[in-house]
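If you want the building blocks of each chain, they are given just below.
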Amino acid sequence: MQILAVRGALPEHRYAQKEITDAFAEVIATGPVDDRLLRRLHGNAGVEHRHLVQPLDAYGAMTDFGHANDLFIEAAVRLGSRALRDVLDAAGVAPHEVDVVMVTTVTGLAVPSIDARIAAEVGLRPDVKRWPLVGLGCVAGAAGLARLNDHLVGHPDDVAVLVSAEICSLTVQRDDTSVANLVASGLFGDGAAAVVARGSAGAPGAVEVLDSRSRLYPDSERAMGWDVTAGGLRIVLDVSVPELVETYLREDVTGFLADHGLGLDDVAWWACHPGGPKVLEAVETALELPRRATELTWESLARIGNLSSASVLHVLEDTLRDRPPAPGSWGLVVAMGPGFCSELVLVRAGEPA
């Protein structure tokens, strides 16, 4: 499959990390918060700014899960539609040319699903094939690319789009003073991203997706995810995540590359999900990567925070725009998420015309 374009979309409300920390301590949280712990966790998140779908003072007025979920649907459709329009314009593809639309999200629930609502908003064909991916979490940006490729291998004449819409700020629990929720309140931001791809070759310079590999890790279901409660989606985030990455990722990556006659030294560029400083450091340790290899991921984390499934697509866009890979060079898209799991996507920069 060829990736024709990647585009991200962010909400208009942008705040410095300290502003968000102050608001959580003074306005958002409904229970007593250890102020020193909150500020230490937020300060160590590697985040300098984040974009949110609401003004900070509006989060204290959220009443319940239903209210938050209504806000999620409205924001996910708005941002996802904007990202999709932008990526179609960038690729020179009209909405009626799209054969498949896949939408991934983990930060809310919607029936009809978000893909149906975006299809109506953007003007996709009535017979467009819809593919909602719900529950994959942070891994879904990479997994969505992989599943698009799976489809396009069998349908090479199709044009397919992937949309990620994650409104993480609406999931922060105001009455939860656990370390996991305090970490999440300092790490995650809101945003969307979209990719347009086609099965057949023919676009000079387009990135080609060659293969992917999925991996579920044993005894790790409680490492990351949500507990669905009366008050909403309560985060599960265990300290074991970096250890899982260091334990398993190298063997997965080297085995995957070896199946294609490649080694770690053959990978010229990396698009890694910005899971947080400890996770990124674990990736670097496991794969023996220099900081330059993950530099754009660190910059994305600082500039916009962790956007769950949308983040790795923002990093991919940043890579293609700001540090264009050499023609013919190999790249790897890497993300991890609930399960606990990882997704590896082998890509190659296209040759010019």
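Residues numbered from 1 in each chain as written. Predicted model: local features only at pLDDT ≥ 70, side-chain atom pairs only at ≥ 80, totals over all residues. Heavy atoms only, no water.

Under an unreviewed UniProt entry, the name given to the protein is Type III polyketide synthase, and the source organism is Nocardioides taihuensis. The UniProt entry for the protein carries the following comment under Sequence similarities (unreviewed entry): "Belongs to the thiolase-like superfamily. Chalcone/stilbene synthases family." (UniProt positions renumbered as here; feature names shortened; annotations may be inferred.)

Chemist: Help me out: how do you make sense of the pairing of strand β10 (residues 232-237) in this one?
Modeler: Looking at chain direction, strand β9 (residues 224-229) and β10 are connected through 6 bridges and run antiparallel. Pairing of Val228 across the sheet is with Leu233, part of β10. (Pairing = 2+ DSSP bridges. Helix = DSSP H or I, 4+ residues; strand = E, 2+ residues; numbered from the N terminus.)

Chemist: What's the story with helix α8 (residues 277-287) in this structure? I'm lost.
Modeler: Residues that lie three or four places apart on an α-helix share one face, since the helix turns once every 3.6 residues. Counting buried residues along α8, 8 of its 11 residues qualify, which places the element largely inside the surrounding structure. Where α8 is concerned, the buried positions are Pro277, Val279, Leu280, Ala282, Val283, Glu284, Ala286 and Leu287. Next to the buried residues of α8 lie α7 (241-258), β11 (267-272), α9 (295-304) and β12 (330-337). After α8 finishes, the residue Glu288 shows a positive phi value of roughly 55 degrees. (Buried < 20%, exposed > 50% of the residue type's maximum accessible area, 1.4 Å probe, protein only. Contact = heavy atoms within 4.5 Å.)

Chemist: Would you explain the pattern of salt bridges in this entry?
Modeler: Any two side chains of opposite charge can pair if their charged atoms end up close together. Using the criterion set out here, one finds 25 salt bridges in the structure. We note a salt bridge from Asp176 to Arg234, for which the minimum N-O separation is 3.7 Å. Of this pair, Asp176 sits in the loop between β6 (159-167) and α6 (179-187) while Arg234 sits in strand β10, and the two are 58 residues apart along the sequence. (Salt bridge = Lys/Arg side-chain N within 4 Å of Asp/Glu carboxyl O.)

Chemist: How do you make sense of the packing of aromatic side chains when you look at a structure like this?
Modeler: The description of an aromatic ring pair uses the distance of the two centres, along with the angle that the planes make with each other. Scanning all chains against the criterion turns up 2 aromatic pairs. For the ring pair Tyr217 and Tyr248, a centre distance of 4.8 Å and an interplane angle of 15 degrees mean the geometry is stacked. Of the two residues, Tyr217 is situated in the loop between β8 (207-216) and β9 and Tyr248 in helix α7; the sequence distance between them amounts to 31 residues. What makes Tyr217 buried here is its relative accessible area of 6%. Through a chain of ring-to-ring contacts, three or more aromatic side chains come together here, namely Tyr217, Tyr248 and Phe340. (Phe/Tyr/Trp six-rings, centres within 6.5 Å; stacked < 30°, edge-to-face > 60°.)

Chemist: What should I look at first to understand the packing of α7 against α8 in this one?
Modeler: Relative placement of two packed helices is described by the angle separating their axes and the distance separating the axes. It is the contact of α7 with α8, at a shortest axis distance of 8 Å, that shows an interaxial angle of 35 degrees. In this structure, the crossing between α7 and α8 has a hand that is right-handed. Mapping the contact onto sequence places Val241, Pro242, Val245, Glu246, Leu249, Arg250 and Val253 in α7 and Lys278, Val279, Ala282, Val283, Thr285, Ala286 and Leu287 in α8. The class makeup of the residues in the contact of α7 with α8 is 10 nonpolar, 1 polar and 3 charged. (Axes fitted to C-alpha atoms, helices over the stretch in contact; angles between N-to-C directions. Left-handed = near helix turned anticlockwise from the far one by under 90°. Nonpolar A, V, L, I, M, F, W, Y, C, P; charged D, E, K, R; others polar.)

Chemist: Is there a simple way to explain the UniProt feature "domain: Chalcone/stilbene synthase C-terminal" (unreviewed entry) in the protein in this structure?
Modeler: Under the UniProt annotation, "domain: Chalcone/stilbene synthase C-terminal" (unreviewed entry) lies at residues 214-348. Across residues 214-348, the secondary structure splits into 38% helix and 27% strand, with the terminal C-alpha atoms separated by 19 Å.

Chemist: Just checking my understanding: could you explain the packing of helix α3 (residues 65-91) against helix α4 (residues 114-122) for this structure?
Modeler: Running from N to C, α3 and α4 point in directions that differ by 55 degrees, and their axes come no closer than 9 Å. In terms of axis orientation, α3 runs oblique to α4. Both α3 and α4 take part in a crossing whose hand is right-handed. Here Phe72, Ile73, Ala76, Val77, Gly80, Ser81, Leu84, Arg85 and Leu88 of α3 come into contact with α4, specifically with Ile114, Arg117, Ile118, Glu121 and Val122. Each residue belonging to the contact of α3 with α4 can be placed in one class, and the counts come to 9 nonpolar, 2 polar and 3 charged. (Parallel < 35°, antiparallel > 145°, perpendicular 65-115°, else oblique.)

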